[in-house]
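Inside the fold
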Amino acid sequence: MSELDEWLHQHLIKTKEAGLYRKLRTMNTAPRPNMLIDGKGQLVFSSNNYLGLANDQRLVTAAETILHEFGLGSSGSRLTTGNTDWHHKLEEKIACFKQTEGALLFSSGYLANVGVLSTLPEKDDVILSDRLNHASIIDGCRLSKAKTVVYNHIDMDDLEKKLTETASYKRRFIVSDGVFSMDGTIAPLDQIISLAKRYHSYTIVDDAHATGVLGKNGRGTSDYFGVRPDVVIGTLSKAIGTEGGFVAGSHVLINYLLNHARTFIFQTAMPPAICAASYVALEVIEESHEKRQQLFSNVKKIKTSLVEMGYLVKGDITPIIPVIIGDPNEAVLFAEKLQEKGIYAPAIRPPTVPEGESRIRLTVTSDHSTKDIDYLLECFQFIGKELNIK
Ligand code: PMP
């Protein structure tokens, strides 16, 4: 082993000892509720494919057609040779969907968050960030020259206190997930925006988990509350079922990011075929209310039944359902027992979640059948009794 490898190996041993070692699992089938994972049949309750579109034939056909016309990779950044009609068409579609003047594509939601937060707030500015914001927001804040102040999760009194304390900064930006990925809570955007107005601040919302899910036609958290944040960020990789990220907002904002956001300027443009599939996904999302209705009916059934069984279930009515187990080892054991029964749902432990709040994080899709859900609930009933958890 080289000296470098020896050093890394020692670190990995410590990672293992801390119970934080990660390893990959291999999906042997396309994303759907019943999958082969590492060769074993599993009923998946941990996917972001909320509306089942990742495997939808209409999207696959759209991608196939454009794949034959444009080939695979875009072979350049948007500002050199990677820009196609399909990038523009998708941006117009996103802007229309999000009801903003414009939109700008990034290669992922991660890069969109990092791009916005490292570009808009400047040296004498401050970013007020919810404690449970996604890692890509945290990384964007770290790259920014502005100061970051963290406020307690969806705690509007704490946000107001921190807005008061930061009055001397040149500009104040409030950034929040729309739907929080570990707690399934919905940010009170109406209150955030009214505070932002009162304290002359700007609002940035990462709508990764809400796009396609919340609000009229799945337009997201802004629509759910009937408000207009200054900057909306999103991903195509969850309910939309493809890959990529975007920012939606005013023409000036979009033009500014196109000129200044390093994660836009220095990345290769998204493949045109994926743009075409995403375009069709948005058309499907606008038209099909049944999928969303099915999704929410699945969510309600699981949440209500788990609460009736005596489980502590966090979050609002979103497809993310955190079932609190408490002890990290017990959460891992619970997840293992679920897996033995053919259910794939991960245990989430500190530092991702606070001490004492280790959990099974379930995510639900519109494609889960009544039979799938009944089986999940049966397993929770059985394992809960076996481990004496509820
Ligand atoms: N924001 C949130 C809240 C997320 O959960 C994720 C994905 N885990 C992202 C941003 C990043 O999106 P992408 O996967 O498109 O990079």
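Residues numbered from 1 in each chain as written. Predicted model: local features only at pLDDT ≥ 70, side-chain atom pairs only at ≥ 80, totals over all residues.

**Side note on the overall build of the protein**
Short version of the rule: Working definition: helices are DSSP H or I runs of at least four residues, strands are E runs of at least two. Numbering for both runs from the N terminus. For the radius of gyration, the atoms used are the C-alpha atoms, and the globule rule reads 2.2 Å times the number of residues raised to 0.38. Any residue with 12 or fewer other C-beta atoms within 10 Å of its own C-beta is exposed, any with 20 or more is buried, and the rest are partly exposed; the C-beta atoms used are placed from the backbone. Contacts are defined on C-beta atoms placed from the backbone: any two residues whose C-beta positions lie within 7 Å are in contact.
Summing up its helical and strand segments, the protein has 14 helices and 14 strands in all. Rg of the C-alpha trace for the protein: 21 Å, near the compact-globule value of 21 Å for 390 residues, within the 12% margin. Overall size of the protein, expressed as C-alpha extent along the three principal axes, is 60 × 55 × 55 Å. Buried residues in the protein amount to 47% of all 390 residues. A separation of at least 24 residues holds for 70% of the contacts in the protein among residues at least 6 apart in sequence.

**A few points about the UniProt feature "modified residue: N6-(pyridoxal phosphate)lysine" (unreviewed entry) in the protein**
As a reminder of what qualifies: UniProt positions are given in the numbering used here, feature names are shortened, and annotations may be inferred rather than shown by experiment.
Those residues carrying the UniProt feature "modified residue: N6-(pyridoxal phosphate)lysine" (unreviewed entry) are Lys238 in this numbering. Note on placement: lysine 238 falls in the loop between strand S8 (231-235) and strand S9 (245-249). In this structure lysine 238 touches Asn48, Tyr50, Ala208 and His209, once residues within four positions along its chain are discounted.

**Side note on the site of the ligand**
For clarity, the threshold we go by: We call a residue near a molecule or strand if the C-beta atom, set from the backbone, is within 6 Å of it. Three classes are used, and their members are as follows: Ala, Val, Leu, Ile, Met, Phe, Trp, Tyr, Cys and Pro are nonpolar, Asp, Glu, Lys and Arg are charged, and the others, Gly among them, are polar.
Around the ligand sit 14 residues, and of these Ser108, Gly109, Tyr110, Ala208 and Thr235 come closest. With three residues, the top contributor of residues to the shell around the ligand is helix H4 (residues 109-119). Residue composition of the shell around the ligand, grouped by class: two nonpolar, 10 polar and two charged.

**Focus: the environment of leucine 104**
Along the chain, leucine 104 turns up in strand S3 (residues 102-106). On the basis of neighbour counts, which here come to 25 C-beta atoms within 10 Å, the residue leucine 104 falls in the buried class. Residues leucine 104 and proline 350, 246 residues apart in the sequence, show an inter-C-alpha distance of 35 Å. Excluding its chain neighbours within four sequence positions, the residues that come into contact with leucine 104 are Glu91, Phe246, Val247, Ile254, Leu257, Leu258 and Phe264.

**Quick notes on unusual backbone geometry**
Geometrically, the link from proline 350 to proline 351 is a cis peptide bond, its omega value of 10 degrees lying close to zero. Relative to the helices and strands, proline 351 is located in the loop between strand S13 (347-348) and strand S14 (358-363). Located in the positive-phi region is isoleucine 154, a residue other than glycine, with phi close to 40 degrees. Relative to the elements of secondary structure, isoleucine 154 occurs in the loop between strand S5 (147-151) and helix H6 (156-165). A tally of 21 C-beta atoms within 10 Å means that isoleucine 154 is categorised as buried. Its identity as a non-glycine residue notwithstanding, asparagine 217 has a phi of 55 degrees, on the positive side. Turning to its location among the elements, asparagine 217 is positioned in the loop between strand S7 (202-206) and helix H8 (221-225).

**Examining the sheet that holds strand S1 (residues 34-37)**
Basically, it comes down to this: One bridge is not enough; two strands pair if DSSP finds at least two bridges between them.
In spatial order, the strands read S1-S2-S12; together these three strands make up an open sheet with mixed pairing. Each end of this open sheet is capped by a strand with a single partner; those strands are S1 and strand S12 (343-344). Note that S1 and strand S2 (residues 40-44) share four bridges and pair antiparallel. Within the sheet, the bridge partner assigned to methionine 35 lies in S2 and is glutamine 42.

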